[in-house]
Amino acid sequence: MNNTNPIKSNEEKNENFENNYKMLLYFQDEYKYRHKHFWDTLKMFFTLNITISLLPFISGFFNYEIDIAKFPIYIFPIIGICTAIVSSIFLKLEMEVFNSVARKKFRINELFPKEEYKYEKLKTKKISIKIILTNLIFQIFVAAGSLTACF
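Draft legend 1. Quick look at the overall build of the protein. Scanning the protein from N- to C-terminus turns up three helices and zero strands. Listing every helix and strand of the protein by position from the N terminus yields α-α-α. Every one of the 151 residues in the protein was classed for burial, and the buried ones make up 29%. Summarising the internal contacts of the protein: among those between residues at least 6 apart in sequence, 83% fall at separations of at least 24. Of the roughly 10800 Å² of accessible surface on the protein, 64% is carried by carbon and sulfur atoms.

Draft legend 2. Region of the structure containing the nonpolar core. Residues F38 and L91 are the most contacted members of the largest nonpolar core, which totals 16 residues. Every element with two or more residues in this core is listed here: α1 (10-58) and α2 (75-109). Not counting residues within four places of it along the chain, the set of residues in contact with F38 comprises L91, E94, M95, I127 and I132.

Draft legend 3. Representation of the pattern of salt bridges within the structure. Going through the model one piece at a time under the given rule, you end up with four salt bridges. For E30, the salt bridge identified is with R34, shortest N-O distance 3.0 Å. Of this pair, E30 and R34 both sit in helix α1, four residues apart, which is roughly one turn of that helix. Beyond isolated ion pairs, a larger network of salt bridges with shared partners links E30, R34 and E94.

Draft legend 4. Geometry of the side chain of E94. Along the chain, the position of E94 falls in helix α2. Ignoring any residue separated from it by four or fewer positions in sequence, one finds E94 in contact with R34, H37 and F38.

Draft legend 5. Up close: a positive patch on the surface. The grouping of R103, K104, R107 and K126 at the surface amounts to a positive patch. Counting through the fold element by element, K126 comes out in the loop between α2 and α3 (129-150).

Draft legend 6. Broad picture of a nonpolar patch on the surface. On the surface, I129, L133, I137 and F141 cluster together into a nonpolar patch covering about 390 Å² of accessible area. Turning to its location among the elements, I137 is positioned in helix α3. The exposure class of I137 is partly exposed, given its relative accessible area of 47%.

Reading guide: rules and limits
Residues numbered from 1 in each chain as written. Predicted model: local features only at pLDDT ≥ 70, side-chain atom pairs only at ≥ 80, totals over all residues. Heavy atoms only, no water. Helix = DSSP H or I, 4+ residues; strand = E, 2+ residues; numbered from the N terminus. Buried < 20%, exposed > 50% of the residue type's maximum accessible area, 1.4 Å probe, protein only. Contact = heavy atoms within 4.5 Å. Areas by Shrake-Rupley, 256 points an atom, 1.4 Å probe, with all protein chains shown as cover. Core = buried A, V, L, I, M, F, W, Y, C linked by side-chain atoms within 4.5 Å. Salt bridge = Lys/Arg side-chain N within 4 Å of Asp/Glu carboxyl O. Patch = residues over 30% accessible without salt bridge, like charges linked within 9 Å, V, L, I, M, F, W, Y side chains within 5 Å. Lys, Arg positive; Asp, Glu negative; His and termini not counted. Charge placed at Lys NZ, Arg CZ, Asp CG, Glu CD.

Structure representation (structure tokens):
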């Protein structure tokens, strides 16, 4: 027969609580990092794509004229559309990693009984695919608008 006591001792409960708390803090830091990384990456790609799409029109502000013989003016909006699609795929992968960390953090957070809270309950939000699609559609409209202005 098994002689183990089914009731956990206070030491085991405290050790389990401390381990869960350390994991929660780790995933909270990872969550914050992934959240910041996602939004920084989105801003970077957004700026890059809009700049590429509008480069023929804004190059005059920097006292630089694009040689149309070397680079047809319509190539920039096409490159802008291609980079918008590639960046959206990359952002979707980043979103999946972020949401995975958010789910793990939420599950660990739920391990703590309400009466034993020694910390503020951490909020967990997921990033929706709607953000990425809205960004993609806006960038494609800007690039398509600058493409039509080329002709």
